[in-house]
Amino acid sequence: MAEKEQIFLVDDDQDVLDAYCALLEMEGYAPQAFTDPQQALDALEPDWPGVVVSDIYMPVLSGWQLLQDIRDKDKHLPVILITGHGDVPMAIEAMQQGAFYFIEKPVEPERLLTQIRQALLQRRRYLSLKSSQQQELELQFIGRSSWIKQLRAYLQQLAETDLPVFIFGQPGSGRSLTARYLYKLSQPRFSTCKTLELLSDYDDEQLQQYLAGLAEGVLIIKNIEHLSEAAQKVLTQYIHYADSKLRIIALSRYSPQQLLTESKLLPELFYAFSLTCIECIPLSRRPADIEVLFRHYLELTCRKLNKRKPQINADFIKKLTAQPWPGNITQLIHTAELYAVGVRVRNEDLHFIPERQDGLSLDNRIDEYEKKVITDVLDMFQGKINDAAAYLQIPRKKLYLRMKKYALNKADYKE
Ligand SMILES: Nc1ncnc2c1ncn2[C@@H]1O[C@H](COP(=O)(O)OP(=O)(O)OP(=O)(O)O)[C@@H](O)[C@H]1O
């Protein structure tokens, strides 16, 4: 039997709530009544499949405030507002603030039911789109580390905004794919996606000319550090003031902080990106992704070459996971392609070049290393402290203390 659709009813008058509840139950819904708006707000779970119907005039928390608080939690949740003092300007304001609909008292049952039906339909459509985007992301943006799961969720949130984004990390770590996915998730709001790859110094005139040819869409600027100072000023102006429908996604090998410190990024451009930076961490820091990525690309190559998939034993996977992968996913893809045709890549072929650690003291390097080891193990055991401590051969308490030192939270590693 299909689950009854849920509706939260909020009003400080219990008699009114009883009347609404009776009406909705008769129509086969599962209403839940709240005289305290805060309780209704607290009861809302992420991706809750219902709608909220609320009175506007309530003593402690008004319907306006409830609407704002709900939108802070989930801006797509339909809220229908009801008031006895309604007029046209109030109706307009309610809709501008994001209300799904506005109904004046005395409420006509048929009108309320029609609005609830439409709001539920909109909610179902939104949740189904979100879930199909999630499924597609999981299929194309492969990985099972907690990092990639958090990234997928973050991209879905970012896709709702037009803010500029800065993606940085080692070559081959997935920066371009991340940018393209952000674009995909923002469709149809942005209909085109262009990449401007900078290979050497790029000045303001060149940038101005390039931007003049773009009306809307997503612009990915790869190697943003090649923009001259004047060109960075043009870009900052463009981000802040231009009346265009263009989202800028900057890609770099280096973090914005590092570029700022080395005077390769103007402070004003740094601040334009500072709240929306994504680090594509190297594959070696997310070993949980290695096996799935390898299997995916092996399968893809075998299909392309019409070859039978070779056997992979557990020992091989273990070795694969322990590699440093300096060329990141690109190198893993090449390894999978070679494996498909029978070539086995040796450790020494991966040419591991240690990361430059300029300016870091020995203690800092040890701390960085310890943090990385703990992060990997938490990732491997999905935040299970007992298992992680046993694997690291240290008492639980010691692990907790180390996690506290590095501000690591076990909840971030859970499935
Ligand atoms: N999570 C992932 N799932 C599947 N494929 C991935 C994933 N991340 C990256 N890839 C693939 O790995 C390759 C390298 O990724 P990408 O091009 O995004 O890296 P990059 O950081 O932009 O580096 P480069 O500039 O060298 O391309 C691409 O073929 C990309 O499709």
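Residues numbered from 1 in each chain as written. Predicted model: local features only at pLDDT ≥ 70, side-chain atom pairs only at ≥ 80, totals over all residues. Heavy atoms only, no water.

Helix and strand counts for the protein chain stand at 17 helices and 10 strands. Projecting the C-alpha coordinates of the protein chain onto the three principal axes gives extents of approximately 80 × 60 × 50 Å. For the protein chain, the residues scored as buried account for 42% of the 415 residues in total. Sequence-distant contacts, at least 24 apart, represent 71% of the contacts inside the protein chain between residues at least 6 apart. Of the roughly 23000 Å² of accessible surface on the protein chain, a fraction of 51% belongs to carbon and sulfur atoms. Taken together, the 50 basic and 56 acidic charged side chains of the protein chain have centroids lying 11 Å from each other. (Helix = DSSP H or I, 4+ residues; strand = E, 2+ residues; numbered from the N terminus. Buried < 20%, exposed > 50% of the residue type's maximum accessible area, 1.4 Å probe, protein only. Contact = heavy atoms within 4.5 Å. Areas by Shrake-Rupley, 256 points an atom, 1.4 Å probe, with all protein chains shown as cover. Lys, Arg positive; Asp, Glu negative; His and termini not counted. Charge placed at Lys NZ, Arg CZ, Asp CG, Glu CD.)

Those residues of helix H13 (residues 314-322) lying buried are Phe316, Ile317 and Leu320. In an axial view of H13, the angular spread of the buried residues amounts to 100°, which keeps them on one side of the axis. Of the residues in H13, the exposed ones pointing more than 90 degrees away from the buried face are Ala314, Lys318, Lys319 and Ala322. Each element contacted by the buried residues of H13 is listed here: helix H12 (290-305) and helix H14 (328-340). (Arc of directions from axis to C-beta.)

This paragraph deals with the pattern of salt bridges. Overall, the coordinates contain 18 salt bridges when judged by the stated rule. Aspartate 162 is paired through a salt bridge with arginine 189; the nearest N and O atoms lie 2.2 Å apart. One end of the pair, aspartate 162, is in the loop between helix H6 (146-158) and strand S6 (165-169); the other, arginine 189, is in the loop between helix H7 (175-186) and strand S7 (193-197), with 27 residues separating them in the sequence. Here aspartate 162 falls in the partly exposed class, since its relative accessible area comes to 40%. Taking relative accessible area as the criterion, arginine 189 reaches 38% and is therefore assigned partly exposed. Because the salt bridges share partners, they merge into one network encompassing Arg144, Glu291 and Arg295. (Salt bridge = Lys/Arg side-chain N within 4 Å of Asp/Glu carboxyl O.)

So, about the site of the ligand. In the vicinity of the ligand lie 18 residues, with Gly172, Arg175, Ser176, Lys222 and Tyr297 positioned nearest. Here an oxygen atom of the ligand and a backbone polar atom of leucine 177 are 2.8 Å apart. Tyrosine 297 places a polar side-chain atom, nitrogen or oxygen, 2.6 Å from a nitrogen atom of the ligand. Burial of the ligand by the protein amounts to 80% of the accessible area it has alone, namely 620 Å². Breaking the shell around the ligand down by element, the ones donating at least two residues are H7, H12 and H14. Taken together, the residues of the shell around the ligand sort by class into 9 nonpolar, 7 polar and 2 charged. Each of domain 2 (141-281) and domain 3 (284-350) gives at least three residues to the shell around the ligand. (Near = heavy atom within 4 Å. Polar contact = N/O pair within 3.5 Å; in protein donor to acceptor, adjacent residues only side chain to side chain. Nonpolar A, V, L, I, M, F, W, Y, C, P; charged D, E, K, R; others polar. Domains from an automatic or database assignment.)

Our focus in this paragraph is the environment of isoleucine 281. Positionally, isoleucine 281 belongs in the loop between strand S10 (277-280) and H12. Sequence separation between isoleucine 281 and tryptophan 147 is 134 residues, and the spatial gap between their C-alpha atoms is 8.4 Å. If we ignore the near neighbours within four places in the chain, the residues touching isoleucine 281 are Trp147, Ser173 and Arg286.

A few words now on the domain arrangement of the protein chain. In terms of domains, the protein chain is made up of domain 1 (6-129), domain 2 (141-281), domain 3 (284-350) and domain 4 (362-413). Of note, the centres of domain 1 and domain 4, computed from C-alpha atoms alone, are 45 Å apart.

To continue, consider a negative patch on the surface. Together, Asp12, Asp13, Asp15 and Asp18 make up a negatively charged patch on the protein surface. As for its position among the elements, aspartate 15 is in helix H1 (residues 14-26). Residue class for aspartate 15 comes out exposed when judged on its relative accessible area of 59%. (Patch = residues over 30% accessible without salt bridge, like charges linked within 9 Å, V, L, I, M, F, W, Y side chains within 5 Å.)

The final tally for this structure, using the stated rule, is 0 disulfides. Among the cysteines around cysteine 277, which has no disulfide bond, cysteine 280 carries the closest sulfur, lying 12 Å off. (Disulfide = S-S within 2.5 Å.)

Moving on to a positive patch on the surface. Residues Lys384, Arg396, Lys410 and Lys414 make up a contiguous surface patch of positive charge. Summarising the element assignment, lysine 410 is placed in the segment after helix H17 (396-405). By relative accessible area, which is 32% here, lysine 410 ends up partly exposed.

Following the criterion strictly, the structure yields 10 aromatic pairs and no others. With 5.1 Å between their ring centres and 80° between their planes, phenylalanine 270 and tyrosine 271 make a pair best called edge-to-face. Look at phenylalanine 270 and you get buried, because its relative accessible area is 9%. Tyrosine 271 gets classed as exposed once you look at its relative accessible area, which sits at 57%. For the ring pair phenylalanine 294 and phenylalanine 316, a centre distance of 5.6 Å and an interplane angle of 55° mean the geometry is tilted. Highlighted residues: phenylalanine 294 in helix H12 and phenylalanine 316 in helix H13, separated in sequence by 22 residues. Put simply, the rings of Phe8, Phe34 and Trp48 pair up and form one aromatic cluster. (Phe/Tyr/Trp six-rings, centres within 6.5 Å; stacked < 30°, edge-to-face > 60°.)

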